[in-house]
Every structure is written in C-alpha cells, then in structure tokens.
Amino acid sequence: MQVYLDNSATTRLDERVFEKMKPYLTEKYGNASSIHFMGEENSLTLLKAKEQIGRILNCDHSNLIFTSGATESNNMVLKGVMRSNKDPEPSSGGGNHILVSAIEHPSILETAKQLKEEGFDVEYIPVDSSGVVDLTQIKKMVRPETLLISVMAVNNEIGTIQPVETIGAFARKKGILFHTDAVQAVPYKTIDIRGWNADFLSLSAHKFNGPKGVGLAYINRRVKIRPFMAGGGQEYGLRSGTHNLPGIVGMAEALRLAYEEQDEIVKKVSELSAYFWKRIQEEIEDVQLNGDLKNRNPNNLNIMFRRIEGEAILMDLSTKGICVSTGSACSSNKLQASNILKAIGLKDNDLNSNIRFTLGKFNTKEEIDYTVGALKETVARLRSFTPLK
Ligand code: PMP
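The structure presented is a predicted model; accordingly, all values stated were derived computationally and were not measured.

Of all 5 residues in strand E8 (residues 215-219), 5 are buried; the element is thus mostly enclosed. Neither face of E8 is open: one carries Gly215, Ala217 and Ile219, the other Leu216 and Tyr218, and all of them are buried. Sheet topology note: the strand E2 (residues 64-67)/E8 ladder contains 4 bridges and is antiparallel. From the neighbouring strand, Thr67 faces E8, where its bridge partner is Gly215. Of the pairings in the sheet, the one linking strand E7 (residues 200-204) to E8 comprises 5 bridges and is antiparallel in character. Note that in E8 the partner of Phe200 across the bridge is Ile219.

This is the structure:
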C-alpha cells in the first residue's frame, strides 16, 4: 500500500485540473503576449483566470501577478518593497525596518536574512507556546520607520492559524504595509484579501491540488516596487517572462475547486485527522501533539514520539510505503532542529523526535488504519533498541 501523508509539502494534481490544462499544452500553445489570434485568445484566457482568482480571493484582479510559486512571490514582495522604499524618512512613506514572524517558511526567513546583510533592520516577532503570533508583541515592536510586517496565514510545520485579520487591521491603522504568506491556507481557511487588509499575499498552486511551478503574488500596486527581473515586461513589468498558461489555467481551476468543495474537504479531512490522532493517543505511549490543539489547520498533525528520532520513524515508514515529513520538506534533508519547534519552546531532548503528518482530500480511512498499524510497529521497534534519554 502507498500512503501519502505529506500534503503540506505538495499535493496530487486533481484530474479535473489536468483536463483543464491539457489544451494549453497541446493545441492552445500560443504565447499570451503575441499579437496574432492564438496569442489574443490566450491573453483573454489569462485575464479570465485573473478575474476568477480575484473574485475568490476578494481582491482587485489587476493587482494579481503570476509567478513560479510562493518562494518567488515572497522574495518579490519582501525584497521589492524594502529595496524600493528604503528612504529613512518615515514622513516620506519610506522606512528600513521590517518585522517577520519567527515561524515563517525559509523563503521568508532566508530573504529576511539577506535583507539584514544588505543593511535593513530586521526583527522577528516571537510566538507563544502554541505557535501563535501575538498582536501585543507586534504593537511593542513597531516603530515610525517600520515599513512592512510579514506574518503567514497558516504555519506549514505545526499548522497553527495566525490572526492575520487583526494584524492586518492594526497595520493598516498604523500605515504599515502588511504581507501574508497564505500558502497553507487553501482550502482550510477562507482567504479575504480586502477583509484582511493585506497589501501583499503569496500562494503556490501545488499546495491545493494544482500544478507545480506556478503561483501568484497579490501586490498593492500603489506601493513602489522595482522588479528584480528585467525582460519583456509581462505582468505590468513586475514579472517578466513568458506566461505559464497551462499552469495558470490549472491554478485558477484548482483554486475554484478548493473553495467550491471547501465544506466537504474540511469535513472529511477533520474527521480523518481526529480519528488518526485518537487512535495514536490510545495505541502509542508517550506522544504529544505540537502546536495549538484547536487553532490549527485540520490537515496537520505534528506529533512528538518521545525517546526516538523522527528521522528514524520517517525512514522506517517510508520502507512501508508511507510518506511523511519530519518538518517542512525543504529542511527535512538537513539534520537541523526545526526553528519552529524551537520557537514554541520544545526541550532540546524533544526537538528531533517529531513527525509531521499532513492529510489531504484524497486520503482514506483505510490508509489511516494501515498507517496506525505500521506506526505502532515502527515506534515499538525503535524504542526497543534505540532509547534516547
Ligand atoms: N510558504 C509556505 C508556508 C510553504 O509551505 C511553502 C512550501 N513548502 C512555500 C512558502 C514555498 O512554496 P514553493 O516551494 O511552491 O515556492
């Protein structure tokens, strides 16, 4: 049996999305920037995709920029905003201070590190022991020269849902720009760009059963952003390069399906993960759920198995056909403790004993039953010969 429980790393392409994409790979392959009829048709398709996405995310579609994914969107926003508005005079609307939460994805944290090396003033907003960013901390940290606050909508490792609505409202009141990485939100949390007062937002299609290598950045175009890629001037000059039309069409369809079927997916995934966690608690000793017990994405179970290495569990489950992660996929091949688990205060002894199970709409109860059986055997065996203190 093959069981895929790593849906926060990526998801399976929905067949219905693939069907929508196919014509743009084979028959309708014209460049959307070309003037001839094939280009014109595709340019219209592009516009329709933007209009559809704009309606779903509640934003002005002319502020949507197609990218290769959230890594690019996050880099584009943080670097673009900070580098283009670094005037130290706060009265001019500029500033060199940026706040990012301590539990962001590496595409934000590493970008912030680069900005610090360039001389920007970067500070990290701490989280409480359940992994939630506290607005009172942000209120203490903002200064007249604070230009941008970046807080993710849902954490990718422990699934905690962040209060982006209140952070956005506060930022707007203070005249500070607000960015949110909403990659893990779809379809579990409804995205509302206007309601969240977000100036910038990032998404990746492959996290919600869309294709890989395509994403978007919502950009408040009243803010000055110098593009970091020069070229043909696509996407209002903000993101040059031939449009990935099959990917864009796929992303629009995947987003439509995700929210049209939101209730059904949330119900199914919540029931499956509750069942999974109940059985683990009943049948395996010395386990703990990391992060907030209630305020979390229903697809996420980040679990500590005391006294054993998460890495060893992952490898053993993999031999049994089960795919899980020890943290975010991007850091799972580095034997380095998760900065997120550190940020929520896990003890040193416990930092490497965790497994992230992330469910998706295609998982079944049979798969969960098989995984519980395999996990019990794996944990018992590892605990019998590699007891950690
Ligand atoms: N942000 C978050 C929260 C993520 O989980 C990921 C993917 N792991 C990304 C950004 C980056 O997405 P991509 O790899 O598609 O660029």
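Attention now goes to the sheet that holds strand E10 (residues 300-305). Working definition: the strands of a sheet are paired by backbone hydrogen bonds and lie parallel or antiparallel to each other. In space, the 3 strands of this open sheet follow the order E9-E10-E12, with antiparallel pairing throughout. Of all strands in the sheet, those bounded by a partner on one side alone are strand E9 (287-289) and strand E12 (354-358). When strand polarity is set aside, the average angle formed by the axes of neighbouring strands in this sheet is 25°. Bridge analysis of E9 against E10 gives 3 bridges, and the strand direction is antiparallel. In the strand pairing of E10, Val287 is matched with Phe305.

Reading across the sheet, the 7 strands line up as E2-E8-E7-E6-E5-E3-E4 and stay open at both edges, with mixed pairing between neighbours. At either margin of the open sheet sits one strand with a lone partner, and together these are E2 and strand E4 (121-125). Each strand of the sheet is rotated relative to its neighbour by a mean of 20°, with strand direction disregarded. Here 3 bridges tie strand E5 (residues 146-150) to strand E6 (residues 177-181), and the two strands are oriented parallel to one another. Bridge pairing in E6 links Ser150 to His179. Its contacts with the sheet put helix H3 (residues 70-84) on E2, strand E3 (97-101), E5, E6, E7 and E8, and the angle it makes with E7 is roughly 160°.

So, how was this worked out
- Residues numbered from 1 in each chain as written.
- Predicted model: local features only at pLDDT ≥ 70, side-chain atom pairs only at ≥ 80, totals over all residues.
- Heavy atoms only, no water.
- Buried < 20%, exposed > 50% of the residue type's maximum accessible area, 1.4 Å probe, protein only.
- Helix = DSSP H or I, 4+ residues; strand = E, 2+ residues; numbered from the N terminus.
- Pairing = 2+ DSSP bridges.
- Axes fitted to C-alpha atoms, helices over the stretch in contact; angles between N-to-C directions.
- Contact = heavy atoms within 4.5 Å.

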